[in-house]
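Examination of the molecular architecture
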Amino acid sequence: MKKLILIFVTLLFVACVFAQNVKPYVLDLNSLPSSNDQKTISFNKATKTFTVNGDAEEWKGLGIWPYGGFDISAYNIVRIKYKVAGDYGFNFGLEYEDESLSFFDKTFYCPSYLTEMVIPLKSGQKKINGIHFAASWNIDSMKFTVESVTFERVANPVKTDIHASNEA
């Protein structure tokens, strides 16, 4: 009996160790096809810098399309590390396979005073068909650099609170 309990405890410990062992996936923005029909935003692959120029009233964004979609079933957050030159942030969007989600369920503001955002992925979603980077509304020109977009599994997926800041 003692041997059986020891084997059970060992198996339980091994299962716990491997349960959260999902390696983060860093999205390679340089290797994916992109589109910007309005020609209002460009992406410099060498510096990872997005440059926005266009009418302030227009939507200015760039879509990046993983081949056949990207399986997110092993992950529960996306972490984006970035730098913004100026006072305006940008919008980061995830195009889930489920097209019924609202704009507010899949688009997130990345303020200029932060350098990293953690965004929980929508539960029940299995694939992302696209990722969007867009200028803030009513901004005609700006630049921002995206250092990395990483999909991860964490124990406590909590969205970064953009209002929790020491900024005035």
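Located above this text is the structure these notes cover.
Note that this is a predicted model, so its numbers are computed, not measured. (Residues numbered from 1 in each chain as written. Predicted model: local features only at pLDDT ≥ 70, side-chain atom pairs only at ≥ 80, totals over all residues. Heavy atoms only, no water.)

**As for the overall build of the protein**
Looking only at helices and strands, the protein features 2 helices and 12 strands. If you list the helices and strands of the protein from N to C, you get α-β-β-β-β-β-β-β-β-α-β-β-β-β. Counting over 168 residues, the protein shows a buried share of 38%. Long-range pairs, those at least 24 residues apart, make up 78% of the contacts in the protein with a sequence separation of at least 6. When the accessible area of the protein is evaluated, it comes to approximately 10,200 Å², of which 55% is carbon and sulfur surface. (Helix = DSSP H or I, 4+ residues; strand = E, 2+ residues; numbered from the N terminus. Buried < 20%, exposed > 50% of the residue type's maximum accessible area, 1.4 Å probe, protein only. Contact = heavy atoms within 4.5 Å. Areas by Shrake-Rupley, 256 points an atom, 1.4 Å probe, with all protein chains shown as cover.)

**A closer look at the pairing of strand β5 (residues 61-64)**
Burial along β5 is two-sided: the residues Gly61 and Gly63 and Leu62 and Ile64 are all buried. Note: β5 against strand β11 (residues 127-135), 4 bridges, orientation antiparallel. In the strand pairing of β11, Leu62 is matched with Phe133. (Pairing = 2+ DSSP bridges.)

**Some points on the side chain of Thr150**
Counting through the fold element by element, Thr150 comes out in strand β12 (residues 141-152). Look past the residues within four positions of Thr150 in its chain and what remains in contact with it is Pro24, Tyr25, Val26, Ile77, Val78 and Arg79.

**Description of a negative patch on the surface**
On the surface, Asp55, Glu57, Glu58 and Asp140 cluster together into a negatively charged patch. Summarising the element assignment, Glu57 is placed in the loop between β4 (49-53) and β5. Residue Glu57 is classed as exposed on the basis of its relative accessible area, which comes to 62%. (Patch = residues over 30% accessible without salt bridge, like charges linked within 9 Å, V, L, I, M, F, W, Y side chains within 5 Å. Salt bridge = Lys/Arg side-chain N within 4 Å of Asp/Glu carboxyl O. Lys, Arg positive; Asp, Glu negative; His and termini not counted. Charge placed at Lys NZ, Arg CZ, Asp CG, Glu CD.)

**Considering the packing of aromatic side chains**
Describing an aromatic ring pair means giving the distance of the ring centres and the angle of the ring planes. Using the criterion set out here, one finds 10 aromatic pairs in the structure. Taken together, a centroid distance of 6.2 Å and an interplanar angle of 15 degrees make the contact between Phe70 and Tyr75 stacked. Using a relative accessible area of 13% as the deciding quantity, one classes Phe70 as buried. Seen from their ring centres, Tyr82 and Phe90 are 5.1 Å apart, and the 85 degrees between their planes marks the pair as edge-to-face. (Phe/Tyr/Trp six-rings, centres within 6.5 Å; stacked < 30°, edge-to-face > 60°.)

**Observations regarding a nonpolar patch on the surface**
Together, Trp59, Phe103, Phe104 and Trp137 make up an exposed nonpolar region whose accessible area comes to about 500 Å². Following the sequence through the fold, Trp137 ends up in the loop between β11 and β12.

**Some words on unusual backbone geometry**
Look at Lys48: it is not a glycine, yet its phi comes out positive at around 60 degrees. For Lys48, the position within the fold is in the loop between β3 (41-44) and β4. One non-glycine residue, Asn138, lies in positive phi territory at about 65 degrees. Note on placement: Asn138 falls in the loop between β11 and β12.

**A look at the nonpolar core**
Ranked by size, the top nonpolar core spans 37 residues in total, and within it Ile80, Phe90, Phe92, Phe133, Phe144 and Phe151 carry the most contacts. Sort the elements by how many residues they give to this core and β12 lands first, with 5 residues. Residues in contact with Phe92, not counting those within four places in the same chain, are Val78, Ile80, Lys106, Thr107, Phe108, Cys110, Ile119, Ile131, His132, Phe133 and Val149. (Core = buried A, V, L, I, M, F, W, Y, C linked by side-chain atoms within 4.5 Å.)

**Focus on the pattern of salt bridges**
Summed over the entire model, instances satisfying the criterion amount to 6 salt bridges. Between Glu147 and Lys83 there is a salt bridge, and its shortest N-O distance comes to 3.5 Å. Placement of Glu147 in strand β12 and of Lys83 in strand β7 (residues 77-85) is noted, with a sequence separation of 64 residues between them. Accessibility expressed as a relative area gives 36% for Glu147, which makes it partly exposed.

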